[in-house]
Amino acid sequence: MDHEVILRMQDINKAFPGVQALDHINFELRKGEVHCLLGENGAGKSTLIKIMSGAHQKDSGTVLLYGKEVDIKNAHISRDLGISTIYQEMSLIPGMSVAENIFLGEEIVKSPFYIVDKEKMEKQAEEIFREMNIDINPKRLVKEMSTAQQQMVEIARSLVKKRQIIIMDEPTSSISDKDTHELFRIIHKLKSQGVAIIYISHRLQELSEIVDRITVMRDGQDIGTVNMKDVTIDQLITMMVGRTLEKMDKPVRDHIGEVLLEVKNISWGNVVQNASFILRKGEILGFAGLVGAGRSELMRLLFGAEKMDAGRILLQGAQVEIHSPIQAIGHGIGYLSEDRKRDGLVLSMGIDQNITMANLPRVCNGFFLSRKKEQLEAKNSVQALNVATNSIHKLVKFLSGGNQQKVIIGKWLLTDCQILIFDEPTRGIDVGARAEIYKLMNGLAQLGKSIIMVSSDLPEIIRVSNRVIVMNQGRISGEFENDGTITQEGIMPLMLGGVGNVS
Amino acid sequence: MFHKIADRFGIGIAIVALFIFLSVSSPHFLDIANLLNILLQVSISTIIAVGMTFVILTSGIDLSVGPLTAFSSVIIGLTLHLDIGIGIPILSGILVGALLGFMNGILIAKLKIPAFIATLGMMSVARGAALFITNGQTIHMFPSEFRFISAGNLMSIPIPVIYAFVVVMIAIFILNYTKFGRHIYAIGGNKEAARLSGINVKSVETWAYIICGITCGIGAVILTGRLNAAQPIAGIGYELDAIAAVIIGGTSLNGGEGSIGGTLMGAILIGMLRNGLNLLNVSPFLQQIVIGAVIVSAVFFDQYRRSKKDSSAAKGLNRPSQAVGATKPYQ
């Protein structure tokens, strides 16, 4: 094989507030290879490819393209350098035809009035598809096509511009097995033409079919680059999870009581399929899995934020109907969403107003709000939860992630809920504040509250949970009592799913 | 620092500046009669702008306030001629406003029709209804008690000004000291967060439009009394004045931020501007141009200050996170 290095990234650093997303990363890409980036959610893969595609700027380090240093300031420059990125979320315009999408921004025009030359574009698109050996009509509207076909259009788009590097972010996560084979066939073809492909996927079993080399990332560091043929899946998993656990207190379990909540056979499209589990009083139940495994959706169903297709919910043995958050709150359930800013907080309001939002009657005298009561409750919460602020009226948008999370916890504690669902409770929160959040969760459990925690961070799951449920592709794929024997290596295969029958 | 001051008092500064300018440039501006006249002129638009503030705070819009006022006015006129006293006509005018507002609310909150479209439709429907039931004719001649109670003077203070004052006070109270008021702000600030906090978003949104309809009904009572006529073509351009007052008063079109106090000042600013332009003998055609330019400038200023704020807020946490889709994929 040709070993010419096309792209070399040296000593790349990138920090976001509270997180070192990339920590002295080195990465090289050779001509005609398929190079997989592997790592847990949050390992830094996305950040790395976003630096290549110009969506993020590196803080320091050098990027060499064909041995020459380049500065990828924006997406435009990245494209001009011959780098093409196919994101998980499609960037096609649904209402336009295939040909129009392929040539978007670089339409072929004819003189004298720069009229778009539709025929020529369609003809060229047709040639590309013929070359790719797939049957897509360039005149069709993108919205009428399957996800896999749309993906092909994305790929065609990078071909028409003769890109030398194509980045594919989980291309097979939303397409069928048959389409996956089609995709692999095209990837092989691209390889033979000398195109280098950076491939991100969590489906370990499919890697051996197409990948040449793998770079494993973990917590923003590159753990190493290996040849696919030299390693086993088990070795890869070890590289992915090899993170040492911080010293921790084992979750206390002597306060765990009787079964409080029973969830039976909840289904929602193919996102959540037949999920059943129980939750005990005073327990912290962890939900492990990859992003997209259906954990957050299951929680949203339980909270009434979405309407389930099928399934039952029992509280203390009695069936309850939960079709809306109002009902869920009435039954003593609180939900701390994954994206605090998007659906947890009203950013334009102060700490006090956010804290009382879910239970205003508590600070009302009859019909009227009592500012005095409100301030008292807010002050108590701020003190009890140790929110760092100089005023309870401070707008929550000016708080750090950890303090925002505490405000949301305060909001739910004010509703006297019995079940708290934490979705990625420490995402975007720095290490110090994390420990505080864990302590809070433990304290709440000891007070008899039941906690469900969805987390993509395995060490967090193992550190905090009394019991762990694993989900994969909408289904519950395993359950562990956290009695001290639980390991990341034990959970990871169930998260990835179907690792057992890897060839 | 300047930003903070301008942010808080920008509209106040503008009013003071205009006040000084007009006092100097026109000898009649400072007459008590003229100042009361300004307040009288803006009383209807202030009342409707209060209703509009509720709607815009939820990040909605109501384009139908003009025709709603006309329709209410026509209903008042027709019922007054039934000779059943003045209580029922006044009440029915306000109730009709509430009813049409309720319909707006259902279309928007329940049936998820964009507020712009729903109220655009209502604009035409209500206008058509007003024209249809009157056959396009103006209804004249109302009892003097009605004219007194709706548009008379109480110790030389125009009664409409008193109504506007009362409506403003009630609205300030509702928005600041009731659960409902807090819910209005929460919904405008972040609808999803509000929903997930157990707020009945649909109900609160609907009520915002009902309140806007009620203020149109109150406006109609005053208008009918002042003109001593109920015209199906009344209220042209009311939506402009109301929305302008709200926006100039610093309420965000995105919802969640703003106040009745700001709206009141916005309405007064527009009234003063109109009055001053009249006193200075500026052509009414030219006045429209000035008013339009002022509204657009106010919105520009609003956007500018918001982008400033956002860029400073964006320095907070910004870790990329993959969004969890609330959308349901194919089965």
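The structure presented is a predicted model; accordingly, all values stated were derived computationally and were not measured.

The rules behind each value
- Residues numbered from 1 in each chain as written.
- Chains lettered and ligands numbered in written order.
- Predicted model: local features only at pLDDT ≥ 70, side-chain atom pairs only at ≥ 80, totals over all residues.
- Heavy atoms only, no water.
- Helix = DSSP H or I, 4+ residues; strand = E, 2+ residues; numbered from the N terminus.
- Buried < 20%, exposed > 50% of the residue type's maximum accessible area, 1.4 Å probe, protein only.
- Contact = heavy atoms within 4.5 Å.
- Areas by Shrake-Rupley, 256 points an atom, 1.4 Å probe, with all protein chains shown as cover.
- Rg over C-alpha atoms; globule rule 2.2 N^0.38 Å.
- Lys, Arg positive; Asp, Glu negative; His and termini not counted.
- Charge placed at Lys NZ, Arg CZ, Asp CG, Glu CD.
- Buried area = accessible area lost by both parts, 1.4 Å probe.
- Salt bridge = Lys/Arg side-chain N within 4 Å of Asp/Glu carboxyl O.
- Polar contact = N/O pair within 3.5 Å; in protein donor to acceptor, adjacent residues only side chain to side chain.
- Axes fitted to C-alpha atoms, helices over the stretch in contact; angles between N-to-C directions.
- Left-handed = near helix turned anticlockwise from the far one by under 90°.
- Nonpolar A, V, L, I, M, F, W, Y, C, P; charged D, E, K, R; others polar.
- Pairing = 2+ DSSP bridges.
- Domains from an automatic or database assignment.
- Patch = residues over 30% accessible without salt bridge, like charges linked within 9 Å, V, L, I, M, F, W, Y side chains within 5 Å.
- pLDDT = per-residue confidence, 0-100.
- Core = buried A, V, L, I, M, F, W, Y, C linked by side-chain atoms within 4.5 Å.
- UniProt positions renumbered as here; feature names shortened; annotations may be inferred.

J.: Which residues make up the overall build of chain B, and what values do they have?
T.: Within chain B, the secondary structure is distributed over 13 helices and 4 strands. Looking at chain B as a whole, 49% of its 331 residues qualify as buried. The contacts of chain B with a sequence gap of at least 6 include a subset with a gap of at least 24, amounting to 77%. By element, 70% of the accessible surface of chain B is carried by carbon and sulfur atoms, the whole surface being about 15,300 Å².

J.: Describe the overall build of chain A, listing the residues and the values that go with them.
T.: Across its full length, chain A holds 17 helices and 24 strands. Rg of the C-alpha trace for chain A: 25 Å, near the compact-globule value of 23 Å for 503 residues, within the 12% margin. Counting only C-alpha atoms and orienting by the principal axes, one finds that chain A spans roughly 75 × 55 × 45 Å. When each of the 503 residues of chain A is scored for burial, the buried share is 57%. By sequence separation, contacts in chain A at least 24 residues apart represent 67% of the contacts at least 6 residues apart. Accessible surface for chain A amounts to roughly 20,800 Å². Of this, 49% is attributable to carbon and sulfur atoms. In chain A, 60 side chains carry a positive charge and 63 a negative one; their mean positions are 4 Å apart.

J.: So what about the interface of chain B and chain A? Which residues, and what values?
T.: Put simply, an interface is often sized by how much accessible area is lost when its parts join up. Facing the 40 residues of chain B at the interface are 55 residues of chain A. Contact between chain B and chain A buries roughly 4,100 Å² in total, counting both sides, with carbon and sulfur atoms accounting for 58%. For the pair chain B and chain A, the interface holds 2 salt bridges. Among the ionic pairs, Arg182 of chain B bridges to Glu374 of chain A, the shortest N-O distance being 2.5 Å. Applying the counting rule to chain B against chain A returns 9 residue pairs in polar contact (both at pLDDT 80 or more).

J.: I'd like a rundown of the packing of helix α4 (residues 87-110) of chain B against helix α5 (residues 115-134) of chain B, residues and numbers included.
T.: Residue and element names in this part refer to chain B. Close contact between α4 and α5 brings their axes to 9 Å; oriented N to C, the two are set at 145°. Read as a crossing pair, α4 and α5 show a hand that is right-handed. Contact with α4, carried on its side by Leu100, Met103, Asn104, Leu107 and Ile108, involves Ala115, Ala118, Thr119, Met122 and Ala126 of α5 and no other residues of that element. Looking at side-chain class alone, the contact of α4 with α5 contains 8 nonpolar, 2 polar and no charged residues.

J.: Break down helix α9 (residues 295-302) of chain A for me, with residues and values.
T.: Counting buried positions along α9 of chain A gives 8 out of 8 residues, so the element sits mostly inside the fold. One or two residues past the end of α9 of chain A sits Gly304 of chain A, with phi positive at roughly 80°.

J.: Go over the pattern of salt bridges with me, naming the residues and quoting the values.
T.: Applying the stated criterion to the full structure yields 29 salt bridges over all chains. For Asp212 of chain A, the salt bridge identified is with Lys191 of chain A, shortest N-O distance 3.1 Å. Linking Asp212 of chain A in the loop between α7 (204-210) and β11 (213-218) with Lys191 of chain A in helix α6 (residues 177-192), this pair joins segments that are 21 residues apart in sequence. Across the pair, exposure class does not vary: Asp212 of chain A and Lys191 of chain A are buried alike. Among the salt bridges present, the one from Glu192 of chain B reaches Arg195 of chain B, with a minimum N-O distance of 3.3 Å. Placement of the pair is Glu192 of chain B and Arg195 of chain B together in helix α9 (residues 191-196), with a separation of 3 residues, close to one helical turn. Beyond isolated ion pairs, a larger network of salt bridges with shared partners links Arg8, Glu28, Arg30, Glu33 and Arg213 of chain A.

J.: Would you mind going over the pairing of strand β18 (residues 333-336) of chain A in detail, with residue names and values included?
T.: Consecutive side chains along a regular strand alternate between the two faces of the sheet. Residue and element names in this part refer to chain A. Alternating residues of β18 divide into Ile333 and Tyr335 and Gly334 and Leu336, and every residue in both groups is buried. Summarising the sheet, β18 and strand β21 (residues 419-423) pair through 4 bridges and their orientation is parallel. When the bridges of β21 are listed, Tyr335 appears paired with Ile421.

J.: Which residues make up the domain arrangement of chain A, and what values do they have?
T.: Residues and elements named next belong to chain A. You can read the domains of chain A as domain 1 (5-82 + 164-241), domain 2 (258-332 + 418-490) and domain 3 (342-416). Across the boundary between the two partners, domain 1 contributes 7 residues, which contact 9 residues of domain 2. Counting the surface lost from both domain 1 and domain 2, the interface buries some 780 Å², and carbon and sulfur atoms represent 52% of this. Across the contact surface, domain 1 and domain 2 share 0 salt bridges. Inspection of the region where domain 1 meets domain 2 yields 0 residue pairs in polar contact (both at pLDDT 80 or more). Of the residues contributing to the side of domain 1 that touches domain 2, the split by class is 1 nonpolar, 4 polar and 2 charged.

J.: Quick one: what's the story with helix α1 (residues 45-52) of chain A, residue by residue and with numbers?
T.: Helical geometry: 3.6 residues make up each α-helical turn, so side chains three or four residues apart lie on a common side. Residue and element names in this part refer to chain A. The element α1 is extensively covered by neighbouring structure, given that 6 of its 8 residues are classed as buried. When α1 is considered as a whole, its buried residues turn out to be Lys45, Thr47, Leu48, Ile49, Ile51 and Met52. Positive phi shows up at Gly54, right after α1, with a value of about 85°.

J.: So what's going on with the sheet that holds strand β3 (residues 34-38) of chain A? Which residues, and what values?
T.: All names here are of chain A. Strands sit in the order β6-β9-β10-β3-β11-β12 across an open sheet of 6 strands; the sheet is mixed. Taken across any chain shown, the strands that pair with only one partner, and hence form the sheet edges, are β6 (83-86) and β12 (221-227). Each adjacent strand pair in this sheet contributes to an overall mean axis angle of 20°, direction not counted. In this sheet, strand β10 (residues 196-200) lies alongside β3 in parallel orientation, the contact comprising 4 bridges. Residue pairing in the sheet places Leu37 in a bridge with Ile200 of β10. On the sheet, α6 packs against β3, β9 (165-169) and β10 and is oriented at approximately 145° with respect to β10.

J.: I'd like a rundown of the sheet that holds β18 of chain A, residues and numbers included.
T.: Residue and element names in this part refer to chain A. Reading across from one edge, β18-β21-β22-β15-β23-β24 is the order of the 6 strands in this open sheet, with mixed pairing throughout. The open sheet has two free edges, formed respectively by β18 and β24 (475-481), since each of these has just one partner strand. Taking the axes of each pair of neighbouring strands and ignoring which way they run, one obtains an average angle of 20° across the sheet. Of the pairings in the sheet, the one linking strand β15 (residues 284-288) to strand β22 (residues 450-454) comprises 4 bridges and is parallel in character.

J.: Describe a nonpolar patch on the surface, with residues and values.
T.: Residues Val16, Phe19, Ile20, Val24 and Leu30 of chain B make up a contiguous nonpolar surface patch of about 470 Å² in total accessible area. Inspection of the secondary structure puts Phe19 of chain B in helix α1 (residues 2-25).

J.: Quick rundown of the confidence of the model for chain A? Include the residues and the values.
T.: Summarising the model, chain A shows a mean pLDDT of 86, and 94% of its residues fall at 70 or more. Counting interchain partners and residues more than four positions distant, the pLDDT-below-50 stretch residues 499-503 of chain A has 4 contacts.

J.: Describe the environment of His140 of chain B, listing the residues and the values that go with them.
T.: Residues and elements named next belong to chain B. With respect to the helices and strands, the residue His140 is situated in strand β1 (residues 139-140). Residue classification places His140 among the partly exposed residues on the basis of a relative accessible area of 45%. Considered as a pair, His140 and Gly77 are 63 residues apart in the sequence and their alpha carbons are 7.6 Å apart. Not counting residues within four places of it along the chain, the set of residues in contact with His140 comprises His81, Asn228 and Ala229.

J.: Give a detailed account of the nonpolar core, specifying residues and quantitative values.
T.: Most often, soluble globular proteins keep nonpolar side chains buried together rather than apart. One finds Phe129, Tyr199, Ile214, Leu261, Phe277 and Phe287 of chain A to be the most contacted residues of the largest nonpolar core, which totals 126 residues. In this structure, Ile86, Val96, Ile211 and Ile270 of chain B belong to the second largest nonpolar core, which totals 86 residues.

J.: Hey, could you go over a positive patch on the surface for me, with residue numbers and the actual values?
T.: There is a patch of like positive charges on the surface, built from Lys307 of chain A together with Lys110, Lys112 and Lys202 of chain B. As for its position among the elements, Lys110 of chain B is in helix α4.

J.: Pulling in residues and values, what's your account of the UniProt feature "transmembrane region" (unreviewed entry) in chain B?
T.: All names here are of chain B. With numbering aligned to this structure, UniProt lists the feature "transmembrane region" (unreviewed entry) at residues 9-29, 35-57, 88-108, 115-134, 154-175, 206-225 and 282-301. Span residues 35-57 is 100% helix and 0% strand, its end C-alpha atoms 30 Å apart. Between the C-alpha atoms that bound residues 88-108 the distance is 30 Å, and the span itself is 100% helix and 0% strand.

J.: Run through unusual backbone geometry, naming residues and quoting values.
T.: Even without a glycine there, the phi angle at Glu424 of chain A is positive, about 45°. Residue position: Glu424 of chain A is located in the loop between β21 and α15 (431-446). Within the chain, Ser59 of chain B stands out as a residue other than glycine whose phi angle is a positive 70°. As for its placement among the helices and strands, Ser59 of chain B is situated in the loop between α2 (32-57) and α3 (65-80). Residue classification places Ser59 of chain B among the partly exposed residues on the basis of a relative accessible area of 34%.

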